[in-house]
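Take a look at the letters that make up each chain.
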Amino acid sequence: MRQLGPRWFARAQGPVEEGGKWPKVRRMRRQDVREVAEIERRSYSLPWSAFTFRSLLRRPNAVLLVAEENRDIAGYAALWLAADEAELGNLAVRPGRRGRGIGRALLGHMLEEAARGGARAVFLEVRESNAIARRLYEASGFRIVGSRPDYYASPREDALVMRLNLDRLSLTVSRPGR
Ligand SMILES: CC(C)(COP(=O)(O)OP(=O)(O)OC[C@H]1O[C@@H](n2cnc3c(N)ncnc32)[C@H](O)[C@@H]1OP(=O)(O)O)[C@@H](O)C(=O)NCCC(=O)NCCS
């Protein structure tokens, strides 16, 4: 399996603007949830509710990050850890801000968080038709390891299960702010 190296993580940090790294990735706070839930509604046909995000924020094994741009939330990602595995839940970027490296930056920080939390592998499910997300995950080293027939509704569709081995991951991304 292809392993990620420093160059991938350098790209994961996105273009550097004057005054610091771009985008700013930090931990999600309770006051971010309204904006996060709005992006979620615009990104998924069966969105998680604000209540779900608030519940996740209370879970000690969950990691929730946001990417901030011009003081508003441009994207977010959620992951949870169980023993030496991690599951990437949702990853979304605000429509209109996509295609500029924010998704890659969030994913890069999340993989570092997973490795730091002791995970040796990260799993995720993705709609079979979601070519953009699949490309991002594949470029990040994830590989398809299975499928779940009819996993999704609205529209009904299979999920592909993808896995990334973190064992030899090279970590160069700085820790997200609090
Ligand atoms: C998937 C998503 C998070 C990607 O975020 P993004 O900020 O637009 O992605 P980035 O700009 O960081 O691009 C990262 C990679 O994604 C892929 N990608 C992004 N936009 C793409 C497009 N329009 N067409 C094809 N591939 C694309 C490319 O592989 C790209 O890498 P490259 O620039 O080196 O080619 C975003 O499209 C999104 O929020 N989608 C809706 C929610 C969703 O489907 N989430 C994933 C669920 S599993």
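Only a predicted model underlies this, so the values are computations on that prediction, with no experimental measurement involved.

Q: Just checking my understanding: could you explain the sheet that holds strand S1 (residues 24-27) for this structure?
A: Pairing in this open sheet of seven strands is mixed, and the strands run S1-S2-S3-S4-S5-S7-S6 from one edge to the other. The sheet terminates laterally at S1 and strand S6 (143-152), the two strands that pair on one side only. Mean inter-strand twist for the sheet, computed between neighbouring axes without regard to direction, equals 25°. Where strand S2 (residues 62-69) and strand S3 (residues 72-82) come together, eight bridges link them in antiparallel fashion.

Q: When you look at the nonpolar core in this model, what are you seeing that I'm missing?
A: As a rule of thumb, soluble globular proteins bury nonpolar side chains together. Core analysis: the largest hydrophobic core is formed by 41 residues, its most contacted members being Leu65, Tyr76, Ala77, Leu106, Met110, Ala114 and Val122. What Tyr76 contacts, discounting residues up to four positions off in sequence, is Met28, Val36, Ile39, Leu64, Leu65, Val66 and Ala92.

Q: Quick question: what am I supposed to make of the environment of Ala62 here?
A: Inspection of the secondary structure puts Ala62 in strand S2. For Ala62 and Trp80, which are 18 residues apart along the polypeptide, the C-alpha to C-alpha distance reads 4.2 Å. With sequence-adjacent residues up to four places away left out, Ala62 is seen in contact with Leu56, Ala78 and Trp80.

Q: How should the site of the ligand be read in this particular structure?
A: The environment of the ligand is made up of 18 residues, and the closest members are Arg98, Gly103, Arg104, Arg135 and Leu136. Secondary-structure elements contributing two or more residues to the shell around the ligand are strand S4 (85-93), helix H4 (102-116) and helix H5 (131-139). Looking at the shell around the ligand element by element, the count peaks at five residues for H5. The residue inventory of the shell around the ligand, partitioned by class, reads nine nonpolar, five polar and four charged.

Q: Please explain the confidence of the model for the protein chain as it appears in this structure.
A: For residues with low pLDDT, the predicted coordinates do not support detailed interpretation. In this model, the protein chain carries an average pLDDT of 88, and 83% of its residues clear a pLDDT of 70 or more. Counting contacts from residues 5-19, a segment whose pLDDT is below 50, to residues more than four positions away or on other chains yields 28 contacts.

Q: Help me understand the pairing of S3 in this model?
A: Each regular strand carries side chains that alternate between the two faces of the sheet. Across the 11 residues that make up S3, a large majority, eight, are buried. In this structure, the hairpin formed by S2 and S3 is closed by a connection of two residues, where Asn70 is found at a positive phi of approximately 50°. Pairing of S3 with S4 involves seven bridges; the strand directions are antiparallel. Pairing of Tyr76 across the sheet is with Ala92, part of S4. A loop of two residues connects S3 with S4, the two strands running antiparallel in sequence, and Ala83 in this loop sits at a positive phi of about 50°.

Conventions we followed
- Residues numbered from 1 in each chain as written.
- Predicted model: local features only at pLDDT ≥ 70, side-chain atom pairs only at ≥ 80, totals over all residues.
- Pairing = 2+ DSSP bridges.
- Helix = DSSP H or I, 4+ residues; strand = E, 2+ residues; numbered from the N terminus.
- Axes fitted to C-alpha atoms, helices over the stretch in contact; angles between N-to-C directions.
- Core = buried A, V, L, I, M, F, W, Y, C linked by C-beta atoms within 7 Å.
- Buried ≥ 20, exposed ≤ 12 C-beta atoms within 10 Å, placed from the backbone.
- Contact = placed C-beta atoms within 7 Å.
- Near = placed C-beta within 6 Å.
- Nonpolar A, V, L, I, M, F, W, Y, C, P; charged D, E, K, R; others polar.
- pLDDT = per-residue confidence, 0-100.

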